[in-house]
Amino acid sequence: QVQLIESGGGLAQAGDSLTLSCAGSGRRFSDYAMGWFRQRPGEDRMFVGTIDDIGAVKYYSNAVKGRAFISRDNSKKVMSLQLNNLTPEDTAVYYCAARRVKTVGVRPSLFDYWGQGIQVTVSS
């Protein structure tokens, strides 16, 4: 069992950078691939980025590719998402997720554990 808690959200202005963190619990955190998703009101939960169990493989959505960076520190059981050059389109609730395998995933259905989500609002 893994519990996930996001932090670092809030208000930002267009052009700013923001770092979200996801703190995990459970002794198998380092065995799990992780991901970030976001959801806007009235829309489906959308893939943002994913990282494998050891941080060697990362994959990003086209919407954030080139301005996003995912990292993890298994010794601290933390995963982070840095998102640069924010735009109002980045406004959403952001979720971190874990899946009980080592390899990356891009579909929400592939993930087994979810945080409660954290709001990010970007003003123009």
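Cut-offs used in this document
- Residues numbered from 1 in each chain as written.
- Predicted model: local features only at pLDDT ≥ 70, side-chain atom pairs only at ≥ 80, totals over all residues.
- Heavy atoms only, no water.
- Helix = DSSP H or I, 4+ residues; strand = E, 2+ residues; numbered from the N terminus.
- Rg over C-alpha atoms; globule rule 2.2 N^0.38 Å.
- Buried < 20%, exposed > 50% of the residue type's maximum accessible area, 1.4 Å probe, protein only.
- Phe/Tyr/Trp six-rings, centres within 6.5 Å; stacked < 30°, edge-to-face > 60°.
- Polar contact = N/O pair within 3.5 Å; in protein donor to acceptor, adjacent residues only side chain to side chain.
- Contact = heavy atoms within 4.5 Å.

J.: Sorry if this is basic, but what is going on with the overall build of the protein here?
T.: A count of helical and extended segments in the protein gives 0 helices and 11 strands. Mapped from its N terminus to its C terminus, the protein presents α and β elements in the order β-β-β-β-β-β-β-β-β-β-β. Radius of gyration (C-alpha) of the protein: 13 Å, near the 14 Å computed for a compact globule of 124 residues. By its C-alpha atoms, the protein is 40 × 25 × 25 Å across when sized along the principal axes. Burial status across the protein gives 40% buried among its 124 residues.

J.: Looking at this model, I keep getting lost on the packing of aromatic side chains. Mind explaining?
T.: All told, the structure shown has 7 aromatic pairs when counted by the stated rule. The interplanar angle of 70° and the centroid separation of 5.9 Å between the aromatic rings of Phe37 and Phe47 together place this pair among those described as edge-to-face. One end of the pair, Phe37, is in strand 4 (residues 33–39); the other, Phe47, is in strand 5 (residues 46–51), with 10 residues separating them in the sequence. Classification of Phe47 by relative accessible area gives buried; the value is 15%. Ring geometry for Phe37 and Phe111: centres 5.1 Å apart, planes at 80°, overall edge-to-face. Within this pair, whereas Phe37 is found in strand 4, its partner Phe111 is found in the loop between strand 9 (92–99) and strand 10 (113–114), the two being separated by 74 residues in sequence. Clustering of aromatic rings is evident, with ring pairs tying together Phe37, Phe47, Tyr59, Tyr95, Phe111 and Trp114.

J.: Where do I start with the side chain of Arg72 in this structure?
T.: Relative to the helices and strands, Arg72 resides in strand 7 (residues 68–73). One polar contact links the side chain of Arg72 to the main-chain carbonyl oxygen of Tyr32, over a distance of 2.8 Å. Once residues lying within four places of it in the same chain are set aside, the contact partners of Arg72 are Phe29, Ser30, Tyr32, Ala33, Met34, Ile51, Asp52, Asp53, Gly55, Val78 and Met79.

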